[in-house]
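Remarks on the overall topology
Spelled out, the chains give:
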Amino acid sequence: MNLTDLEIEISKYILKHQPVHYSDLESRFKISKPTISKNLNNIENYIGTLKSSSILVRDRKKGIYFQNDIDSISNCFEVNSNWHPVTPKDRRMYILASLLFQKRVTTIPNLVQELYVTKRTIESDLVWIRSFIADNNGKLINNSGSLKLSMSKDYLYAFMIYVFHDYWGDNINQSDNKNVIFPPILKHFFNESEAERVFRFVDEFMSRNSLKTTEYEYTSLVIYLLIQYTLFSNTNEIVSMQNESDDLESFESETYALSNSFKNQFNYTFTNEQNNFLNNFMILIKSENDRKLIFDNTSEVNKIKQIIIGHDQKANIYDSKFLEGLSKHISLSMKRIRFGMKVINPYTYNFKKSYPISFEEALKLSEKIKQNFGITFNDDEIALIGMYYASLSDRKGVVNRKTTVTIVCNTGIGTSRFLEEKILQEMDDVLKIDSIKVTHELSSGKINSDIIISTVPLSNPPKPYVLVSPFLTKKDRRKIFSLIDNHKSKHLLKELIDPRLIVFAESDDEDYKSALLNLV
C-alpha cells in the first residue's frame, strides 16, 4: 500500500515533534479528529508492511509517537515523498503537463529518465497525447525528439483550464484561500504558497465586489491567474502560439478592477489579450449574478426563448421559471463556448440513460440553436440543458417542508436546479431548501441549515451532510431520511436526558396517560 501526501506529512510532523496530540494535528493540518484517526490507521497499517520493528503508539496520556527503528521509517517517509507517475493515465498527464507548464523544452530522453520507463512506452503514450491535443485544435510537434505544443492563443488557455478541470478538478475544487490541494503531478510544476496567494486574491476580489460564482467559473478563474503568474511571468514561451491581434477592446469595469488589483499585489501586468480573456469570465459571472453588462444581451435571451417555444404545440407547459432559466443558461453557455471553455458534466452518461426523453428534447433544441447562432453544444452541455426539461416535467407545489437544507454542487447551476427540483418533487413534505452553494463557499460563509445535501464529497462540512447523485435515487432518499432521523434524534435525546422528563411505570396498570399526568 502507498501513503497519501497528507499521511506522509502527518508522519513527518509526528517524527519531528513527537509526542504529539490530536489537538496538535488538528491545529497544524486543519482537519477533524475522525479524519486524523483515519489517517493514523493508514499509517499504522503501512508501517506493518515494512521490514521494521517500528510501531506507531497512540497513548491517551503520553500522546502519539513512533517507537523503535526511527531512522528506518524516517528514511522511508522521505523516499515516499518523492512521488513519480506510475499508471498510464498519470504518466500521460505528466507528459502533457510538461508540455504545457514546464519552463524548458521537453525531450523524449528526458521523459524516459524522469519516468523510469522505456522509450517505447513514452512513444506509445505520445500517440494518445497527440490525438488528445489534436481533438482540442492543437498539434504536437516532434523535432528530433524535442517535443513542443503548437496551439493558437484562442485555444491555449481554454485547453489548459480544460486539462486542469478534467483530470485534477476534484482536488482543485476542494482548495480555498487557506488550504491548496494539489495532486502530486502538479507539485512538480507549481509553487503551492504562490497558489495560495492566488486563491486568496480571488476570494477577496469576489467578496469585495459581492460576486458569486459557480464552481466551474471559480476554479477556471483561479487556474487562469495561476497559469499566468506562475508559469508565464518572466519566462520564455515554451508553447508555440500563433500570433493574434492585440487590438484594444471595451471591458467590464470589474475586469479593469481585477487586472489592476492583480498588478498591485503580484507586480504582473496583463496584456490586452489576457484582459480580453478575463473579461469573458466577468461577463459570465456578472450575468449569473444578474448584474448589468456593458452590452445588452436581452435581445439574444428573447430570441432563445422564441426558439425554445417555436411551433411547439405543448408551449403552454413552458412556465416562466423554465423559459427564463433555460434561455439565460443557453446564452451563458454560448458565451463560454465562443471563447473555448468546455464544461465538464460528470452526470452526462447517467442522465442520458435515466432521462432519455429529456435528453432528446435538449438535443432537438441544441440543433435549433446551432441553426440560428452557429454554436455547437457537446453532450455535456446538452445534458445540462436536458436537466431543465426534466425539472419542468417533475415540478410540483411545495408544502410542509420541515428540515432545512443547503444544496452543494460544483458542476454549475443546471445540476443544482435539477437536484433542487428532484428534492421538491420527492421530499417536499420533509425538506425546506435554504440555499444552493458551491464547495468553496462552505468555508467562507455561515451555514444556518440543519443539514447539507451534496453531489460532491466534502471535507469537514460545517453541518451533517449526505452525499447523493443529482438524480435522487431511492438509495439517496434513504440516506437523506437516515440523516434526518439521526439529526432529529440528537435533539430529542438532549430533551429526554433530563430525569424530570422520565417516568417509570411502577405497576402493570399504569400506561402512557398516567405517565403524562405525572409529568404535567
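Whatever comes next refers back to the structure up there.
1. Considering the overall build of the protein
On a plain count of helices and strands, the protein comes out with 20 helices and 9 strands. Per-residue burial for the protein yields a buried fraction of 48% across its 520 residues. Counting contacts in the protein only where the partners sit at least 6 residues apart, residues at least 24 apart contribute 68% of the total. Surface accessibility of the protein: about 26,900 Å² in total, with carbon and sulfur atoms responsible for 48%.

2. A look at the sheet that holds strand β5 (residues 146–151)
Ordered by their spatial adjacency, 3 strands build an open sheet running β3-β5-β4, and the pairing between neighbours is antiparallel. Each having just a single partner strand, β3 (106–107) and β4 (138–143) make up the two edges of the open sheet. Pairing analysis gives 6 bridges linking β4 to β5, with the strands arranged antiparallel. Within β5, the residue paired with L140 across the bridge is L149. Sheet strands touched by helix α7 (residues 119–135): β4 and β5. Its angle to β4, the strand with the most contacts, is close to 140 degrees.

3. Observations regarding the sheet that holds strand β7 (residues 431–437)
Across the sheet, 4 strands lie side by side as β7-β6-β8-β9; this open sheet has parallel pairing. Here the strands that pair on one side only, and so sit at the sheet edges, are β7 and β9 (465–467). Averaged over all neighbouring strand pairs, the angle between strand axes comes to 25 degrees, with direction disregarded. Looking at chain direction, strand β8 (residues 451–454) and β9 are connected through 3 bridges and run parallel. In the strand pairing of β9, I453 is matched with V466.

4. Some remarks on the environment of L149
Structurally, L149 can be placed in strand β5. Here the alpha-carbon distance between L149 and G138, two residues 11 residues apart in the chain, equals 7.2 Å.

Criteria and cut-off values
Along each chain, numbering runs from 1 in the same order as the chain's sequence is written. The predicted nature of this model means local features are confined to residues of pLDDT at least 70 and side-chain atom pairs, given and counted, to a pLDDT of 80 or more, with totals for whole chains, interfaces and linings taken over all residues. The side-chain quantities take in all heavy atoms of the structure and omit both hydrogens and water. Numbering goes from the N terminus for both helices and strands, where a helix is a DSSP run of H or I of at least four residues and a strand is a run of E of at least two. Three labels apply to residues, based on accessible area from a 1.4 Å probe with only protein chains included: buried if under 20% of the type maximum, exposed if over 50%, partly exposed otherwise in between. Contact definition: two residues touch when any of their heavy atoms are within 4.5 Å. Accessible surface is estimated by sampling points in the Shrake-Rupley manner with a 1.4 Å probe; for residues, cover comes only from the protein chains shown. Should DSSP find at least two bridges between two strands, the strands are taken to pair. Axes here refer to lines fitted to C-alpha atoms; in helices the fit is confined to the stretch in contact. Angles between the N-to-C directions go from 0 to 180 degrees.

Purely geometric numbers; function is a separate question.
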